[in-house]
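So you can see what is in the structure, the chains are spelled out below.
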Amino acid sequence: NAQVPFESRPGEQAAVVVNVGGKLTAPQNYLIAPAQPGIYTDSLGPAILDDQFRRVTGLNPARVGRVIQMFVGGLGDTVPPVESGGALNAGSDAAVPVTVEIGGLNAPVKYNGLAPGYVGLYQVNVTVPNVPTGPSVPLILRQTGVPANPSQTITIPVGP
């Protein structure tokens, strides 16, 4: 992972060079977007915790009416602004809010901003709406209409 400097502005281009063991790649130019949300995932699924800070899995599903915490990248500028490479003890809200749907229903957003104590990691807290329960309920996070993980279907298990 790498952080796009907060000082970069949408519409600008940034040259990215990767250093691996002292060997540099050729610069690759990328256009800076206002935001490009992405929910972190691994072999267990999306990086989502329940309101007790436990990973949401098939054995510990999200619960209707309870808050879940998603960990994402790419939400862009924050209010108040944060310096590149900086971590906060308290959160900083995303300048452009997100929307979340679970099972096709709006999931009320309780917080969307930087995760306290981390550099460049965002946290989005939502309440799970009254959706039908199941092992693979679709979850869609959007920012300015741009969906997170556009080439990947994100699902979570939901229990009563």
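What comes next is a walk through the structure. (Residues numbered from 1 in each chain as written. Predicted model: local features only at pLDDT ≥ 70, side-chain atom pairs only at ≥ 80, totals over all residues. Heavy atoms only, no water.)

A tally of helices and strands in the chain yields zero helices and 19 strands. In terms of overall dimensions, the chain is globule-like: its C-alpha atoms have a radius of gyration of 17 Å, near the 15 Å expected for 160 residues. Counting the 160 residues in the chain, one finds 36% classified as buried. Sequence separation of 24 or more characterises 55% of the internal contacts of the chain that already satisfy a separation of 6 or more. A total accessible area of about 9100 Å² is found for the chain, and carbon and sulfur atoms account for 56% of it. Once the 8 positive and 9 negative side-chain charges of the chain are each reduced to a mean point, those two points are 10 Å apart. (Helix = DSSP H or I, 4+ residues; strand = E, 2+ residues; numbered from the N terminus. Rg over C-alpha atoms; globule rule 2.2 N^0.38 Å. Buried < 20%, exposed > 50% of the residue type's maximum accessible area, 1.4 Å probe, protein only. Contact = heavy atoms within 4.5 Å. Areas by Shrake-Rupley, 256 points an atom, 1.4 Å probe, with all protein chains shown as cover. Lys, Arg positive; Asp, Glu negative; His and termini not counted. Charge placed at Lys NZ, Arg CZ, Asp CG, Glu CD.)

Now for the environment of Thr41. By the element assignment, Thr41 lies in strand 6 (residues 41-42). With relative accessibility at 35%, the residue Thr41 sits in the partly exposed group. Residues Thr41 and Asn149 lie 108 residues apart in sequence; the distance between their C-alpha atoms is 9.6 Å.

The next point concerns the nonpolar core. Counting residues in hydrophobic clusters, the biggest one holds 28 residues, and the most contacted among them are Ile68, Met70, Val100, Ile102, Val124, Leu139 and Leu141. Contributing elements (two or more residues each) for this core: strand 10 (67-73), strand 13 (98-102), strand 16 (122-127), strand 17 (134-143) and strand 19 (155-159). If sequence neighbours within four positions are ignored, Leu139 has contacts with Ile39, Ile48, Ile68, Met70, Val100, Glu101, Ile102, Ile154, Thr155 and Ile156. (Core = buried A, V, L, I, M, F, W, Y, C linked by side-chain atoms within 4.5 Å.)

Scanning the entire structure with this criterion turns up five salt bridges. A salt bridge links Asp50 to Arg54, with the nearest nitrogen and oxygen atoms 2.9 Å apart. The exposure class assigned to Asp50 is buried, which follows from its relative accessible area of 6%. Arg54 gets classed as partly exposed once you look at its relative accessible area, which sits at 44%. (Salt bridge = Lys/Arg side-chain N within 4 Å of Asp/Glu carboxyl O.)

Take the side chain of Asp50 next. Inspection of the secondary structure assignment puts Asp50 in the loop between strand 8 (48-49) and strand 9 (62-63). Looking at Asp50, its side chain comes within polar contact range of the main-chain nitrogen of Gln52, at 2.8 Å. Excluding residues within four positions of it along the chain, Asp50 makes contact with Val56, Asn60, Val67 and Gln69. (Polar contact = N/O pair within 3.5 Å; in protein donor to acceptor, adjacent residues only side chain to side chain.)

The next point concerns a nonpolar patch on the surface. The grouping of Val16, Val18, Val20 and Tyr30 at the surface amounts to a nonpolar patch, some 350 Å² of accessible area in total. As for its position among the elements, Val20 is in strand 2 (residues 19-20). With relative accessibility at 57%, the residue Val20 sits in the exposed group. (Patch = residues over 30% accessible without salt bridge, like charges linked within 9 Å, V, L, I, M, F, W, Y side chains within 5 Å.)

Here is the key point about a regular strand: its side chains alternate between the two faces of the sheet. Counting buried residues along strand 16, six of its six residues qualify, which places the element largely inside the surrounding structure. The pairing of strand 10 with strand 16 spans six bridges and is classified as antiparallel. Bridging from a neighbouring strand, Met70 pairs with Val124 of strand 16. In the sheet, strand 15 (residues 109-114) pairs with strand 16 via five bridges, with the strands oriented antiparallel. Opposite Asn112, over in strand 16, you have Val124 as the bridge partner. (Pairing = 2+ DSSP bridges.)

With respect to the helices, strands and loops of the structure, Gly104 is situated in the loop between strand 13 and strand 14 (105-106). C-alpha separation for the pair Gly104 and Gly45, spaced 59 residues apart in sequence, amounts to 19 Å.

Inspection of the secondary structure assignment puts Asn60 in the loop between strand 8 and strand 9. Judged by relative accessible area, which is 15%, Asn60 ranks as buried. Of the polar contacts made by the side chain of Asn60, one reaches the side chain of Asp50; its length is 2.9 Å. Among the polar contacts listed, one links the side chain of Asn60 to the backbone oxygen of Arg55, at a separation of 3.0 Å. Setting aside anything within four residues of it in sequence, one finds Asn60 in contact with Asp50, Arg54 and Arg55.

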